[in-house]
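# Commentary on secondary and tertiary structure
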Amino acid sequence: MSTKRPGGTSFQPEVKRKRESDEFEQCYVPKFEKDLPACPKIDKTGWARPAVDKDLGITKNIACQVLEVETYHEDGSATTYDRTNVKLYGVTKAGNSICVIVTDYFPHFYFQAPQGFGVEHIGVAQSAICNMVAAAKRRGGSGQTQLPGNVVDNLVHLEIVHGENLYYFRGADTKVPFVKVTGSTEALNKARQELKNGVNLMGKGPVNVGNLYESNINAVVMFLAKTNIVGCGWIEIPAGKCKMLPSSEKSSRCQIEVSVNVKHLIVHESDGEWAGIAPIRTLSLDIECIGRRGVFPEAIKDPIIQIANLVKVEGESEPFVRNCFVLGTCAHVVGSNIIECVNEKVLLEKWAEFVREVDPDIITGYNILNFDLPYILDRAKVLSLPQVSHLGRQRDKGSVVRDAAISSKQMGSRVNKSIDIHGRIIFDVLQVVLRDYKLRSYTLNSVSYQFLSEQKEDVEHNIIPDLQRGDEQTRRRLAQYCLKDAYLPLRLLDKLMSIINYIEMARVTGVPMNFLLTKGQQIKILSMMLRRCKQNNFFLPVIEANSGDGEGYEGATVIDPIRGFYNEPIATLDFASLYPSIMIAHNLCYTTLLKSPQGVENEDYIRTPSGQYFATKSKRRGLLPEILEDLLAARKRAKNDMKNEKDEFKRMVYNGRQLALKISANSVYGFTGATVGKLPCLEISQSVTAFGRKMIDMTKSEVERIYKKGALDGKCPADAKVIYGDTDSVMVKFGVENVAQAMEIGLEAAKEVSKIFTPPIKLEFEKVYFPYLLINKKRYAGLYFTKPEVHDKMDCKGLETVRRDNCPLVAKVLGVCLEKLLIDRDQQSALDFAKKTISDLLCNKIDISLLIISKELTKSGDKYQAKQAHVELAARMKKRDAGSAPRLGDRVPYVFVAAAKNVPAYERAEDPTFVLQNNIPLDTKHYLTNQLAKPLARIFEPILGDRAEKILVEGEHTRVRTVVQSKVGGLAAFTKKSATCLGCKSVLPKMESENAVCKHCESKLPEIYASRLITMHELENHFGRLWTECQNCAKTMQDKVNCSARDCPIYYMREKVRNELSEANTVMQRFGDPCFAPPNK
Amino acid sequence: MAAPWSNTLNYKNVSDRYILTEEDKKGAFARQYFEIYEARVKELKPRILENAERVIGKGKFKHVLLSDAKQDEEIFITGVIVKRVLARPSILKSLLSEDKVAYDDVDDEEDDVKRYAGSSEDRIELESEKQTVRLEGAISMEDCATGCCVGVLGKLGKEGVFHVSRLVWPAANVTKKATTEGTLVFISGLDLSGDTEQDRLTISGLEFMSDWMNTNGEENQCPSIDRVVMIGPFVETKSNGCDVQSVVRTLTLSRPERQSSAKSLITVDKLISSISEKLLVNTVDVTPAVGDPCSSMWPLPPIHRVCLPRCGMNEKKVNLVTNPYEFEVDGLRIMTMSGENVTELLRTSHKWSGADVLSNLVKWQHIAPNCPDTLDAFPIADRDPLVMSSTPHVIICGNQPQAEVRRISVDGTDTSCLLVCLPKFSKTRVACFLDLSDLSLKWQNFDHQF
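Residues numbered from 1 in each chain as written. Chains lettered and ligands numbered in written order. Predicted model: local features only at pLDDT ≥ 70, side-chain atom pairs only at ≥ 80, totals over all residues.

## A short note on the overall build of chain B
When helices and strands are tallied, chain B shows ten helices and 17 strands. For chain B, whose C-alpha radius of gyration is 23 Å, the value lies close to the compact-globule estimate of 22 Å for 450 residues. For chain B, the C-alpha atoms occupy an extent of roughly 75 × 55 × 40 Å along the three principal directions. A burial count over chain B gives 50% of its 450 residues as buried. (Helix = DSSP H or I, 4+ residues; strand = E, 2+ residues; numbered from the N terminus. Rg over C-alpha atoms; globule rule 2.2 N^0.38 Å. Buried ≥ 20, exposed ≤ 12 C-beta atoms within 10 Å, placed from the backbone.)

Given below as structure tokens:
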């Protein structure tokens, strides 16, 4: 049977395939026709939104928060013409969903008016373009071969406006005539094509208009910028000036649908009354599907068996709807509504009805974007249920899944699915966490553990079919997992304040909220630029992206570190918002960039350290500096508001805002440097970094010049020395004894040295490190003080404590060593600890869970270029047992096991569970040399010098090693076990093989027993604690724990202790019955 | 030489249920703990229903499964209590905050038990037939403990909250109390470290006691002693039956090296055998506590004979028994326990004293409901040995912070039960003399001042 994967984006299941899937369903999914009615009875209390106020739009203005924006095309007719309208989806203060149709908005682009083009040419030019577009339209065969004359004549409109190219300073007020072309998006696209080839604009033959302006900008962003609406901001529709649509005419499923002319829209700033958030409904969902053995569920074959849903109103603590659509009978779950469905078709249809009825604004869950939602939509296709794909607010449009590649500097490139559920935002918690946090593992389990210190029971996919095929109790268990999986994302969103932070980010930057999750950083800056340019009549030229290797430029500077362990306070001077303040101070902008110097240097223009010329403030204030000033000022305000705000929820809103502002301000620089971006300007980014480098050097020399021995009335005991500097900070050794002194001089120095820089560039003094371990460039650790009394935290940069490709042991050992070095200031005990850990490692005393490395299996073996450990292992595991082997997309945990010398590393990887079961010896040497040695040596080098690694790897403590005997492979099959004395390990003669010890050791029996007991007690204690912990985590006392969360710190320990304890117990049995009565022999 | 005291009392060891059977041991460590709870419910549910018929009235309550419960209907459900206490030690939480927590050693030199801080998020849940509801109403943290089996009368409210109007505990079984004569002596917690200086007071106190038991002169008030019951721990131990930190330490690489108890065992061996040789003493029962040379999972098996070779020469007089230890003398049923169960329960409430906990144990009809939750338990299937099959007449609990005595009447019966909290000998040098004729107690101090 061929199991070809559906190819790419749109797959149409063949009829033959469908039959196969039916067969499959028959044998694997039990039928419930006998037990359940064809249509489930559903309790719908609480689903519907509150009723709509009838006066809205007639006598009362309608205010709503805009959540989603989309544009759509409306074909012209004999009376109207083609237009592009905009739909705004939002929520009113009362919690009603609303769809606002904005009419009479026309997208536009510009081109510079050709020489001699005047008002008189507009008529000719317009009809020329209209005709060409109409021709193109007909050629394109869009169905309308007969375009009404009215439509043809109004495809585009032309207008002369005065403006200026954003790039380059050409002298103050050099606005020139531009032609603004407006029309429907479709017409504009065609017009753009035609203009490229030249159009007879002035009746004198084709004219090439050269570069176009603003024709390549996202329509939604353009609309928002033009109308001044910001994402998640409030708008108001005045009563009487709009048309309320009756339900028969509605195009959407919103409670209110209203159409309004763009000029009547009232837009509010997100402040004061309008800073609030509407009662947004969030739906969190999770699906379970039944997979065949060893295969990851495929939508083409494997049915969905459960969908759990929780619905919550933003700002409230608990969800008001909890339900689970279940295939088959299922016992009741107290506190939740179980909806038993007779088959998958009913399940999906009822679920889709539920979504439409409850009408959520935000749909969330864990990995719903790439799994749950596409799976549901694919299943709907396979089962031919068109209604199920109608999840959005658009009546006539189903949702479709597409692949969308996103690549950004911050995130790297990846391919996500893109699903348009019209009018609702898909807010996948996994995407949020991936964007905002750097973690070891991104499973729901480990993310919840990190942020909620709570875990869920992680059920292996293999168990799901058994639970589904069981009875109503086992399906109930499954429903509980499913509900929990839907609940955790909601908890995470609450805890991380993600929705609020994203709303604030949308308001600050002006883009709709879903753009923040689906697009990179650039769109945000572009949106801000557009708004600013509009005010000042600057037009953004279309710049062909020249991908590939553009000219690189020098990055930030690093002052070579003077490595060492500094057991004295090291003061840190930071430039606050370095890059933004450089751009403000030196007026660096597209609009101030000069092609060649004009006028007097430093008065009319400046020359940057990288050799570019920019006009000074007196000539023209740049746009970027203005944007940045606003951002920084707004951030200051938000920080202030946060300080004064008593209400916890509002404080979070302000905190979200100030963070959004900070991130936005810092990404402006990156925006100018992105060569594949919309508005690259390397002159700016080169200059910024050049200034940065210069400033770091200036700071160094200035600090070392001023703070010589005896400076500051003798407060400086020695010459100040800059020991390290990086991007925006310098570390200074003032030679003082305590933190308080360092702080005093540091404050003074920040104030003094700031004077040499152009404001607002300012040096700030924030922290003192004491002690400070400077390992190398970008690698250091120190105890972080902001007040003289106690340290705030231990700060580690670039060390393996946070890296993900190591085993946890490395991070743990480094953490403890650094703690001992920095907090206890005890070098010897740090070294002793490192040595002890190494000797423990070599003696096999380290718990296996600390040695596990895990990597994601992203593609199958032959697609990787080089052989990789986890891929090879996955293939081997598949041979062993296809059912439990990791599948594509799973994380593969592995450890390195001992093998012959020339066996390559990738063949030495082994499944930790297999290792535990078979007592396979670990390759402790590999862990020592390849994992531990380098990072440890690095932190000890400043103390021990270059011998560090040698001391650690070859010292006295590495002499004792323990070798474990494997139960499988190699010689294991040939060894015969014979009883040995538990005291001296000598082989017992056959006669005495029942005894615990040999004759010679009999006198030492109590000792031998007691020493065996130490391990026994520890194992027993671990067994008891670990298994009850799991029971508590699974929140059930009376049900089996099914969890197989491989990234849980106690999973392997728990499995290991089982084996070890039963072995230890068998050994203890050899001592015989504990009581005195029948004496032995 | 005077004739040794002869056995006048009719002794019967009734601790069979605490001994692990072959069935129990087979594949034990492949089991999970839910099987214990399952067995517990199976054993206690009929007894709860029996009691419900007695206290509420037959036919006056509707016993249904929680899953069939309708909102706002008065029903009776049975299940297991789970106290969700925020401060309960958790490996996962400790691991997360490992850098902040300096491991607090559980056993520092404090006399009182460290109690968990309460939290507003603490709540009581009932797990019944695989459904879980939150309990509110006529139930407080002091009424129950995690692992108790209980019946609740009440109504199911919204969002999975159950409003309790009445609690019903399992019916108690008692045997008829007999009267007899004689004296039993109980001591607990020698905690010998093997370090002579540290153990000086304990050893001299014990020698003082055994001397006193030896002389049968007229100036001596020592009665003839039928049995001396010595409750562990005999060797000093850092373990308390639920040491979460040990796991955390292993995972955070800060595992300390453990000392073998071999040295202190020699002293223990000597002391026990010397007491057993005394004229006035008939038999010495040796029952272990967690940390003694035997398995540390409740119920504890006897201390292994290989550790007490000297006692082995006197094997008729030294009796190695389980913990808990239950025996009958002339029909009087006596139970001793090493006290970890009670100490762990004390942590969960700020109001309880040791005797409160003991009387609760009788009410709950379970010796250690917190086992396996906060007390390491041997994973047994199909039976729960710690259910009180029969309520003893006397319960002696060792290793308690304060000495306490309380006489309670056993609910639903006409018998009473004597509850005794026995402090550690290593701290107080106190032994407890129980006069069987009137069940009166005498605390005897053996502090030996040099």
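## Brief notes about the overall build of chain A
Each helix and strand in chain A was counted, giving 28 helices and 34 strands. In terms of overall dimensions, chain A is globule-like: its C-alpha atoms have a radius of gyration of 35 Å, near the 31 Å expected for 1081 residues. Its C-alpha atoms put chain A at 120 × 95 × 55 Å along the principal axes. Each of the 1081 residues in chain A was classed as buried or not, and the buried ones make up 44%.

## Some details on the domain arrangement of chain B
Interface size is commonly expressed as the accessible surface area that is lost when the partners come together. All names here are of chain B. Its domain assignment divides chain B into domain 1 (11-26 + 174-445) and domain 2 (32-85 + 122-168). The C-alpha centroid of domain 2 is placed 33 Å from the C-alpha centroid of domain 1. A per-class count over the side of domain 1 that touches domain 2 returns ten nonpolar, six polar and five charged. (Domains from an automatic or database assignment. Nonpolar A, V, L, I, M, F, W, Y, C, P; charged D, E, K, R; others polar.)

## Considering helix H7 (residues 368-382) of chain A
All names here are of chain A. At Pro374, H7 is bent by approximately 30°, the largest bend along its length. Of all 15 residues making up H7, twelve are buried, and the element is well covered by its neighbours. For H7, the complete set of buried residues consists of Ile368, Leu369, Phe371, Asp372, Leu373, Pro374, Ile376, Leu377, Arg379, Ala380, Lys381 and Val382. Ser384 occupies a position one or two residues after H7 and carries a positive phi of about 50°. (Bend = angle between axes of the 7 residues up to and from the residue.)

## Some remarks on the sheet that holds strand E11 (residues 266-267) of chain A
Residues and elements named next belong to chain A. The seven strands are arranged E9-E10-E3-E2-E1-E8-E11 in an open sheet whose pairing can be described as mixed. The strands lining the two open edges of the sheet, one partner per strand, are strand E9 (242-244) and E11. Packed on one face of the sheet, helix H5 (residues 219-227) meets strand E1 (62-74), strand E2 (83-92) and E11 and runs near 130° to E1. (Pairing = 2+ DSSP bridges. Contact = placed C-beta atoms within 7 Å. Axes fitted to C-alpha atoms, helices over the stretch in contact; angles between N-to-C directions.)

## Topic: H5 of chain A
Side chains three or four residues apart in an α-helix point the same way, a direct result of the helix having 3.6 residues per turn. Residue and element names in this part refer to chain A. Listing the buried residues of H5 in full gives Val220, Val221, Met222, Phe223, Leu224 and Ala225. Along its buried surface, H5 packs onto E1, E2 and helix H14 (522-536). Asn228 sits one or two positions beyond H5 and adopts a positive phi of about 70°.

## A look at the environment of Thr689 of chain A
All names here are of chain A. Here Thr689 shows up in helix H18 (residues 682-706). The exposure class assigned to Thr689 is buried, which follows from the 23 C-beta atoms found within 10 Å. Spatially, the C-alpha atoms of Thr689 and Ile582 are 9.0 Å apart, while their sequence positions differ by 107 residues.

## Remarks on unusual backbone geometry
Trans peptide bonds make up the majority, and among non-glycine residues the majority have a negative phi. With an omega of -15°, the peptide bond between Trp298 of chain B and Pro299 of chain B qualifies as cis. Mapped onto the secondary structure, Pro299 of chain B falls in the loop between strand E9 (281-287) and helix H7 (309-312). The residue after Asn323 of chain B, namely Pro324 of chain B, is reached through a cis peptide bond having omega -10°. Tracing the backbone through its elements, the reader meets Pro324 of chain B in the loop between strand E10 (318-320) and strand E11 (325-329). Of note in the backbone geometry, Asp359 of chain A takes a positive phi value of approximately 55° without being a glycine. Structurally, Asp359 of chain A is set in the loop between helix H6 (344-358) and strand E16 (362-365). Assessed through the 21 C-beta atoms surrounding it within 10 Å, Asp359 of chain A is described here as buried. Not every positive phi belongs to a glycine, and Ser384 of chain A is a case in point at roughly 50°. Position of Ser384 of chain A relative to the elements: it lies in the loop between H7 and strand E17 (401-408).

## Focus: the pairing of strand E5 (residues 156-165) of chain A
Residue and element names in this part refer to chain A. Pairing of E5 with strand E6 (residues 176-183), which is carried by eight bridges, proceeds in the antiparallel orientation. Paired with Leu158 across the two strands is Val181, which belongs to E6. Across two bridges, the pairing between E5 and strand E20 (residues 538-539) is parallel. Directly across from Asn165, in E20, lies its bridge partner Phe539.

## Looking at the domain arrangement of chain A
The domain boundaries assigned to chain A delineate domain 1 (15-42 + 280-496), domain 2 (51-279), domain 3 (543-797), domain 4 (834-958) and domain 5 (981-1069). Taking the mean C-alpha position of each, domain 1 of chain A and domain 3 of chain A sit 46 Å from one another.

## Focus: the interface of chain B and chain A
Contact with chain B, which involves 59 residues of that partner, is made by 54 residues of chain A. Elements with a minimum of two residues in the side of chain B that touches chain A: helix H2 (34-55), strand E2 (74-84), helix H3 (91-96), strand E4 (131-137), helix H5 (244-251), helix H6 (262-277) and H7 of chain B. Each residue belonging to the side of chain B that touches chain A can be placed in one class, and the counts come to 32 nonpolar, 16 polar and eleven charged.

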